[in-house]
Amino acid sequence: MAARSRVSSLLSRSFSASSPFLSRSQGKNLNNGSRIVRRFGTSSAAEEVISPSVQVSYTKLLIDGNFVDAASGKTFPTLDPRTGEVIAHVAEGDAEDINRAVKAARKAFDEGPWPKMTAYERSRVMLRFADLVEKHSEELAALESWDNGKTYEQALTAEIPMVARLFRYYAGWADKIHGLTVPADGNYHVQTLHEPIGVAGQIIPWNFPLLMFAWKVGPALACGNTIVLKTAEQTPLTAFYVGKLFLEAGLPPGVLNIVSGFGATAGASLASHMDVDKLAFTGSTDTGKVILGLAANSNLKPVTLELGGKSPFIVFEDADIDKAVELAHFALFFNQGQCCCAGSRTYVHEKVYDEFVEKAKARALKRVVGDPFKKGIEQGPQIDSKQFEKVMKYIRSGVESNATLECGGGQVGDKGYFIQPTVFSNVKDDMLIAQDEIFGPVQSILKFSDVDEVIKRANDTRYGLAAGVFTKSLDTANRVSRALKAGTVWVNCFDVFDAAIPFGGYKMSGNGREKGIYSLNNYLQVKAVVTPLNNPAWI
Amino acid sequence: MAARRVSSLLPRSFSASSPFLSRSQGRNLNNGSRIVRRFGTSSAAEEVISPSVQVSYTKLLIDGNFVDAASGKTFPTLDPRTGEVIAHVAEGDAEDVNRAVKAARKAFDEGPWPKMTAYERSRVMLRFADLVEKHSEELAALESWDNGKTYEQALTAEIPMVARLFRYYAGWADKIHGLTVPADGNYHVQTLHEPIGVAGQIIPWNFPLLMFAWKVGPALACGNTIVLKTAEQTPLTAFYVGKLFLEAGLPPGVLNIVSGFGATAGASLASHMDVDKLAFTGSTDTGKVILGLAANSNLKPVTLELGGKSPFIVFEDADIDKAVELAHFALFFNQGQCCCAGSRTYVHEKVYDEFVEKAKARALKRVVGDPFKKGIEQGPQVDSKQFEKVMKYIRSGVESNATLECGGGQVGDRGYFIQPTVFSNVKDDMLIAQDEIFGPVQSILKFSDVDEVIKRANDTRYGLAAGVFTKSLDTANRVSRALKAGTVWVNCFDVFDAAIPFGGYKMSGNGREKGIYSLNNYLQVKAVVTPLNNPAWI
């Protein structure tokens, strides 16, 4: 309740039902035009860097209820995306630390207490944790913004409240996991038990560190599993902080172990560990394939994958164009374009194409880029130099392939990883910018002329994570919703991420669903128990 | 219906515990008229009975037509009783898989299958089930001939179960509901449970038609189209029922059947970029390869039903005679060629000696011979490779100093018949207690308390099934929860009703087949979200 009401109160009225993540600053700046970015010009990014009002207190691995150094003693720096400077040195976990963490998780599962506590007791720990997240929301938002580059306001008003909301959602599931009794063809009593799997390995990305923590940890704990979680090397800080809050909430030692480190060492060890019973990964499709291969070649642990996307955002001629422009902008630029479900192929009907492009360009030019701790900023820096370079490469590719660069295209300022909001029009399906996941503030606008054509083109991708459909026609909405091969279809809205709505991919965007009732399957084993019946009253 | 027909054949005392036990087994328990003698000759050396069925379908079923392999190649499928050729069958490879996927793709993308109503789809499946029953004798004969299982088992248990499974899944077709979902604000949220698309399915040779039904049933009920690869040992019956499906009104391209080998046809299917889902039943080692191929191609979701080394635990309070009979059945059923075979028989020390003696006596009574002959309980292993593998494990058992209570040798001098073999004094670290033997070799181990046996039962990479024999409700409940296995049969074994989910923990696989759970394997979940303006409630 708190999360929802706090966020929606910040929305401008006209979009309040369509985009829960839109923050006040966006609504305001649509009208006042006071922006910091000018094309290829200097910007506020060159101004003095605001000091976050938070201490970095937790930089060590959380194993068996204690914060410990890496076995190797090694650390790695986590950097401020605004400047590339070091925020803190963090323990660098590798195979030996994963072994220690799995051992602790194994013990907490096999000997308890976690799966032997009642579901009600487990739910109360999660509820207490949610309260603590809210209590510490300002520190958490500051850490998240500092480590990731996302705006403090977005972290504080949308993401952290959603973390609390997700844990309350999953706390509610803990005591509602029912098995079935099953009709038999003869004199048998048949039941299914829905059991925790055991030790869950979880690998989370850097774009929404705490939200992805909640998507993964919430259902695993609700179902009675224990966890070894590996954070992204770009954003290790907030998970340690909430790890501490979980201990404070009464989570027994060993139930949640957190290892910071790199994919090739810590991540690979976790994915191929013979004592890990389940793996969940969010990240790129290429890495997902490696992860699945490691699981296949070790103990065949079941793997849930949430991978990349190239989601179509389809604007039909009958759509409310201003609203579609604003939501298409939001669908792509939100979180610096660093969303797996970003609406990165904006298909616009030919009859409204020119108007749409003009308005989309105007909106992008108004986008306020700068220090994410500053009020009113809409867009911070990209996460790191690697992502920055990758996005710039795709911008060059767009120009070289003769898409029309409507605005943006360059760096903002001369330090950190800020990129101008960039819009390409006249994009063709065979251009790289229309095929690859760019993961940055680069909007590609494509033209279409009829519904059959746009369905075919929208589906002609290896990805299938999400889609947006903008139309006033119920027939069009229903038809296109069924035809699109995507795990989520947002009709006249985008990025609605309620706890109960399942999220996941078709095709190479992944396997399995997170959030909602479907997410529980990922953390449960089904056991059929059959006994003969003697002289039953009914069968 | 199927269950009723089977259970009417059971001796009364076991009728509630083992639906697959056939009349002949009950009878031979009492009359001792058996054909096998230790290391002696047997009926397997007698004249081979000619099956009363024609082999009419030996070509690939693609897009509604039976066609030769693109290469023109064929391979022989052999009679396990003799090793002689039954028929030459089209040898599908990558090009044939491509053709089949193309047909399935078209039948899915353009229809009619997923665009037919669920009711229409269910009626096709119901008509098919009727046709299976109508042709049950031919199907049973073909299945027995190609696989070596007894004709009686195929006719009275397996074929009726195939019809029963398709009627079960026909009933699901129009009961696949999505959800409407509570939102945190002014949104209307629904989930659609959609067919995935083209399902690739690879089935094993031990229960060719049953595995066909486990795979094809849910895929069709959910509106998918299919490319199915049969095992190279047993290609015949799938073609036959493929023909019946066409007769039942299944549109061309919805079910395509390719016979061929794993390294060519199987690998092509697993790594195909236009296959949306893969289901495989077979060995754990092959399952790992299959999953790797899926990972390295288009990340199609994979369901795996793999190997097992299932414990069968007899507590001291169990009905020993019943436990002996069911432990025997749990291991020797289908020539020991069951992924869920009860292949580690743990017996409490207080009843161990009695159990071993009775288990040995029961094995010595087991009737081995031509599977077409009445009263035969055990036919040949499926082929020479499996035969050699089982014999290797028997030698391993002897060499590791387990006590060979009976059996251990070949029966007769042709085909792949093996004596029912019982080892006692088996230790957990012996190969015969660790590896999946997939043959008529029972290993009996001793235990002394419940904590110990739970630990030992779980100390395996497998987790497919388990048997628990006890009269104590506390023991049954405790052990059922503690065992890491997808199915726990308490005081029974191999109960395989359509509604009971089946699948593995650990390296026995991912996913569940049968029951409501099997539908998940063939559905995608799509969330559809729209804003609500002025809703009456949220």
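If you're wondering where the values come from, they're calculated on a predicted model, not measured in any experiment. (Residues numbered from 1 in each chain as written. Chains lettered and ligands numbered in written order. Predicted model: local features only at pLDDT ≥ 70, side-chain atom pairs only at ≥ 80, totals over all residues. Heavy atoms only, no water.)

Enquirer: Just give me the short version of the overall build of chain B, but keep the residues and values in it.
Expert: Within chain B, the secondary structure is distributed over 17 helices and 20 strands. Here chain B has a C-alpha radius of gyration of 24 Å; the compact-globule value for 538 residues is 24 Å, and the two agree. Expressed as lengths along the three principal axes of its C-alpha atoms, the size of chain B is roughly 75 × 55 × 45 Å. Looking at chain B residue by residue over its 538 residues, the buried ones come to 65%. (Helix = DSSP H or I, 4+ residues; strand = E, 2+ residues; numbered from the N terminus. Rg over C-alpha atoms; globule rule 2.2 N^0.38 Å. Buried < 20%, exposed > 50% of the residue type's maximum accessible area, 1.4 Å probe, protein only.)

Enquirer: Before we move on, can you summarise the interface of chain A and chain B with the specific residues and values?
Expert: Facing 71 residues of chain A, the contacting portion of chain B comprises 70 residues. Regarding the contact of chain A and chain B, the summed buried area is about 5,300 Å², with carbon and sulfur atoms giving 58% of it. The three residues of chain A that bury the most area against chain B are D185, Y188 and L300 of chain A, which together make up 13% of that side's buried surface. There are 2 salt bridges connecting chain A and chain B. Note that R164 of chain B and D185 of chain A form a salt bridge whose closest N and O atoms lie 2.4 Å from each other. The tally of links between chain A and chain B comes to 30 residue pairs in polar contact (both at pLDDT 80 or more). (Contact = heavy atoms within 4.5 Å. Buried area = accessible area lost by both parts, 1.4 Å probe. Salt bridge = Lys/Arg side-chain N within 4 Å of Asp/Glu carboxyl O. Polar contact = N/O pair within 3.5 Å; in protein donor to acceptor, adjacent residues only side chain to side chain.)

Enquirer: An account of the nonpolar core is requested, with residue identities and associated values reported.
Expert: Of all hydrophobic cores here, the largest spans 279 residues; its most connected members are F213 of chain A together with F212 of chain B. Filtering out sequence-adjacent residues up to four positions away, F212 of chain B remains in contact with F128, F166, I203, G217, L228, A238, V241, F245, L255 and I257 of chain B. (Core = buried A, V, L, I, M, F, W, Y, C linked by side-chain atoms within 4.5 Å.)

Enquirer: Could you give an account of the sheet that holds strand β14 (residues 403-406) of chain B, naming the residues involved and the relevant values?
Expert: What the 10 strands build is an open sheet, ordered β5(A)-β6(A)-β20(A)-β18(B)-β17(B)-β12(B)-β13(B)-β16(B)-β15(B)-β14(B); its pairing is mixed. Where the open sheet ends on each side, the last strands, each with one partner, are β5 (181-182) of chain A together with β14 of chain B. Pairing between strand β15 (residues 421-424) of chain B and strand β16 (residues 441-447) of chain B: 3 bridges, direction parallel. Across the sheet, residue T421 of chain B finds its bridge partner in β16 of chain B, namely V441 of chain B. (Pairing = 2+ DSSP bridges.)

Enquirer: If you had to explain the environment of T304 of chain A to someone new, which residues and values would you point to?
Expert: Residues and elements named next belong to chain A. Along the polypeptide, T304 turns up in strand β11 (residues 303-306). In this structure the C-alpha to C-alpha distance between T304 and G288, which are 16 residues apart in sequence, comes to 9.4 Å. Apart from the residues lying within four places of it in its own chain, the contact partners of T304 are K278, L279, A280, F281, N511, G512 and N522.

Enquirer: I'd love a proper account of the packing of aromatic side chains, names of residues and values included.
Expert: Under the defined criterion, the tally for this structure stands at 47 aromatic pairs over all chains. Pairwise contacts between aromatic rings join W215, F313, F470, W490, F494, F497 and F503 of chain A into one cluster. Positioned above the aromatic ring of Y523 of chain A is the side chain of K278 of chain A, whose terminal nitrogen or guanidinium carbon lies 5.7 Å from the ring centre. When the ring centre of Y393 of chain B is taken as origin, the NZ or CZ atom of K392 of chain B, which lies over that ring, is 4.7 Å away. (Phe/Tyr/Trp six-rings, centres within 6.5 Å; stacked < 30°, edge-to-face > 60°. Lys NZ or Arg CZ within 6 Å of the ring centre and 35° of its normal.)

Enquirer: Explain the packing of helix α4 (residues 119-135) of chain A against helix α5 (residues 137-148) of chain A to me, and be specific about the residues and the numbers.
Expert: All names here are of chain A. Orientation of α4 relative to α5, taken along the N-to-C sense of each, is 70 degrees, at an axis distance of 5 Å. It follows from the interaxial angle that α4 and α5 lie roughly perpendicular. Mapping the contact onto sequence places V133, E134 and K135 in α4 and S137, E139 and L140 in α5. The residue inventory of the contact of α4 with α5, partitioned by class, reads 2 nonpolar, 1 polar and 3 charged. (Axes fitted to C-alpha atoms, helices over the stretch in contact; angles between N-to-C directions. Parallel < 35°, antiparallel > 145°, perpendicular 65-115°, else oblique. Nonpolar A, V, L, I, M, F, W, Y, C, P; charged D, E, K, R; others polar.)

Enquirer: Any chance you could break down the UniProt feature "active site" (unreviewed entry) in chain B for me, citing the residues and the numbers?
Expert: Residue and element names in this part refer to chain B. The feature "active site" (unreviewed entry), as given by UniProt, occupies E305 in the numbering adopted here. Here E305 lies in strand β11 (residues 302-305). For E305, a relative accessible area of 2% gives the class buried. (UniProt positions renumbered as here; feature names shortened; annotations may be inferred.)

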